[in-house]
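Okay, here's what each chain looks like letter by letter:
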Amino acid sequence: MEESKRPSLLTLCRVLRDAHTEYAIIGGLAVQIHQREARTTLDIDVAVPSRESIPRDALTGAGFRFHESFEHSENWYATDGTPVQFTDDPMLARAVVHAEEIRIEDVTLRVIRIVDLLHEKLRAGSDPARRRSKRLQDLADAEALIEASPELAGELSPDERAFLGSLLR
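A brief look at the structure comes next.

Each value, and the rule that gives it
- Residues numbered from 1 in each chain as written.
- Predicted model: local features only at pLDDT ≥ 70, side-chain atom pairs only at ≥ 80, totals over all residues.
- Heavy atoms only, no water.
- Helix = DSSP H or I, 4+ residues; strand = E, 2+ residues; numbered from the N terminus.
- Contact = heavy atoms within 4.5 Å.
- Phe/Tyr/Trp six-rings, centres within 6.5 Å; stacked < 30°, edge-to-face > 60°.
- Buried < 20%, exposed > 50% of the residue type's maximum accessible area, 1.4 Å probe, protein only.
- Axes fitted to C-alpha atoms, helices over the stretch in contact; angles between N-to-C directions.
- Parallel < 35°, antiparallel > 145°, perpendicular 65-115°, else oblique.
- Left-handed = near helix turned anticlockwise from the far one by under 90°.
- Nonpolar A, V, L, I, M, F, W, Y, C, P; charged D, E, K, R; others polar.

Assignment of secondary structure puts Ala 47 in strand 2 (residues 44–47). Taking C-alpha positions, Ala 47 is 8.5 Å from Gln 85, a pair spaced 38 residues apart along the chain. Excluding residues that lie within four positions of it along the chain, Ala 47 makes contacts with Glu 22, Tyr 23, Ala 24, Ile 26, Thr 87, Leu 92 and Val 96.

Here is the structure:
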């Protein structure tokens with residue numbers, strides 16, 4: 001895992017733990033955690049069951065600053081300026097419930113399972129509403145996850161398999 005975000009990530013996860021908030025680390029940071037190959041990301045993406053579950057007072061008390069809000073996300077900054085994006089996307093609800101626990105120092109992080117991360121990356125990569133550069137990164141992440149763990153290919157739906165196959169032509 002990239003070291004520059006580690007202090008902010010650990011502080012964030014302590015706040016979420018102490019507030020008894022269900023969550024799952026998702027996005028590029030989850031890719032970093034699940035594979036050895038380097039993957040750069042600017043922010044910390046966190047899936048939560050609902051906007052109401054975000055412990056705003058506890059985050060503020062720990063030095064996080066609210067930035068802005070969108071339909072399915074709320075953006076904050078850690079004390080070091082690292083962007084933190086919370087999402088309550090209903091498509092991630094199952095991933096939050098089934099998140100894996102990974103221990104780093106004195107903190108147990110809840111991270112999206114690799115198979116759920118693969119499905120999420122393919123979903124995001126096929127969303128025409130997303131910027132092309134983001135979609136391409138999501139698809140590259142999905143391919144890298146399969147390359148690192150070939151058994152994941154067996155978890156793909158027929159539609160996902162066809163979609164990935166069409167990209168490699």
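A word on the packing of aromatic side chains. Evaluation of the coordinates by the stated rule reveals one aromatic pair. An angle of 85° between the planes, with centres 5.7 Å apart, marks the rings of Phe 66 and Trp 76 as edge-to-face. Residue Phe 66 is found in strand 3 (residues 65–69), and its partner Trp 76 is found in strand 4 (residues 73–77); the two are separated by 10 residues along the sequence. Residue classification places Phe 66 among the partly exposed positions, given a relative accessible area of 46%. Residue Trp 76 is classed as buried on the basis of its relative accessible area, which comes to 3%.

As a packed pair, helix 2 (residues 27–34) and helix 5 (residues 114–125) sit with axes 11 Å apart at the nearest point and diverge in direction by 140°. Taken together, the axes of helix 2 and helix 5 lie oblique to each other. Crossing handedness for the pair helix 2 and helix 5: left-handed. On helix 5, the residues touching Gly 27, Gly 28, Ala 30, Val 31 and His 34 of helix 2 are Ile 114, Leu 117 and Lys 121. Taken together, the residues that form the contact of helix 2 with helix 5 break down as four nonpolar, three polar and one charged.

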